[in-house]
Structure formats: C-alpha cells, structure tokens
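Inside the fold
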Amino acid sequence: MEGRRAALVRRLFDCYHRRDRDGLAAMMTEDFRFTTPYDDSIDKARYFELCWPASVQIRENIIERIFEEDDAAYVTYRCSTVDGLMFRNTEFFSFAGEQVRAIDVYFGASYRDGVFVPQAWHTPPTEG
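Below: a short report on this structure.

Calculation notes
- Within any chain, residue numbers begin from 1 and follow the written order of that chain's sequence.
- Only residues with pLDDT of at least 70 get local features here, since the model is predicted, and only at 80 or more are side-chain atom pairs given and counted; chain-wide, interface and lining totals rely on the full set of residues.
- The side-chain figures draw on all heavy atoms in the structure; neither hydrogens nor water molecules are used.
- The secondary structure listing takes helices from DSSP runs of H or I that are at least 4 residues long and strands from runs of E that are at least 2 residues long, numbered from the N terminus.
- In this scheme, a residue with accessible area under 20% of its type's maximum is buried, one over 50% is exposed, and one in between is partly exposed, where area comes from a 1.4 Å probe on protein chains only.
- Contact definition: two residues touch when any of their heavy atoms are within 4.5 Å.

1. Here's the deal with the environment of Y74
One can find Y74 in strand β4 (residues 72-81). Judged by relative accessible area, which is 41%, Y74 ranks as partly exposed. Separated by 69 residues in sequence, Y74 and R5 place their C-alpha atoms 9.6 Å apart. In this view, Y74 contacts R65, I66, F67, T90, E91 and F92; residues no more than four positions away in its chain are not counted.

Okay, here's the thing in structure tokens:
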C-alpha cells in the first residue's frame with residue numbers, strides 16, 4: 001500500500017503534467033528550496049522563474065519507483081521531451097506537513113534515439 005508521501009509526490013507530478021503552476025506552488029512551503037547540479041538551494045520564486053518554463057519541453061514523466069520514510073521520499077522517474085530526448089532522474093523530497101519543503105535532483109544519463117547524449121558539464125573543453 002502506498003504511503004501519504006508517495007501520494008504527495010504523485011500529486012506534484014500530476015500538477016506538472018497538467019501545467020498547473022498554482023496547484024504546484026500550493027504544494028510547496030514558503031521556504032521551499034530546490035537543488036540540482038545547476039542550482040544551489042534556489043527558492044520557490046527562482047524555481048518558477050528558471051525551471052517552470054522548461055516544463056513545456058516535457059512530453060512525459062513516468063514514475064518508476066518511490067521510496068518513503070518519515071518526512072522524506074526518493075522518486076526515480078523516466079522522462080521524455082518533445083524533441084526526443086530521454087533521461088532518468090532521481091529526486092529526494094523533504095516534507096513539512098502536507099507540503100514539499102525541498103527537492104534535491106540527481107540527473108541520470110540522457111539518450112536520443114537510443115544513443116547516449118553527453119551532458120554539457122562532461123564535455124571536455126576545446127583547446128585553443
């Protein structure tokens with residue numbers, strides 16, 4: 001049986017699929033923080049400024065698994081974009097009551113047409 005944290009994660013992903021910005025914002029605490037290899041603990045306003053516009057590029061997110069314990073959960077999902085990129089990420093969620101307090105994102109490998117696509121930070125610098 002799925003726990004309440006997993007249900008909250010699924011609701012958050014559903015808001016994302018429906019492009020429901022207000023619903024998503026309501027699920028986040030006022031002191032919400034978001035961290036990725038690109039972003040260090042940005043607040044809710046900055047998240048919506050930097051990250052939300054990219055949601056139009058997402059064709060589908062498929063949740064593969066959710067592990068939860070107390071006020072935290074890990075989710076691994078597979079994502080496909082409108083331009084054919086596919087990747088898998090894992091996110092760590094921290095909760096405060098029935099809201100998300102923080103999300104830490106861990107990027108997985110990317111593929112296009114089944115071929116590995118190196119990420120920009122792994123591309124060696126050109127000599128010059």
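2. Topic: the side chain of T76
For T76, the location among the structural elements is in strand β4. Given a relative accessible area of 10%, T76 falls into the buried group. Contacts of T76, omitting those with residues within four sequence positions, involve I62, I63, E64, R65, R88, N89 and T90.

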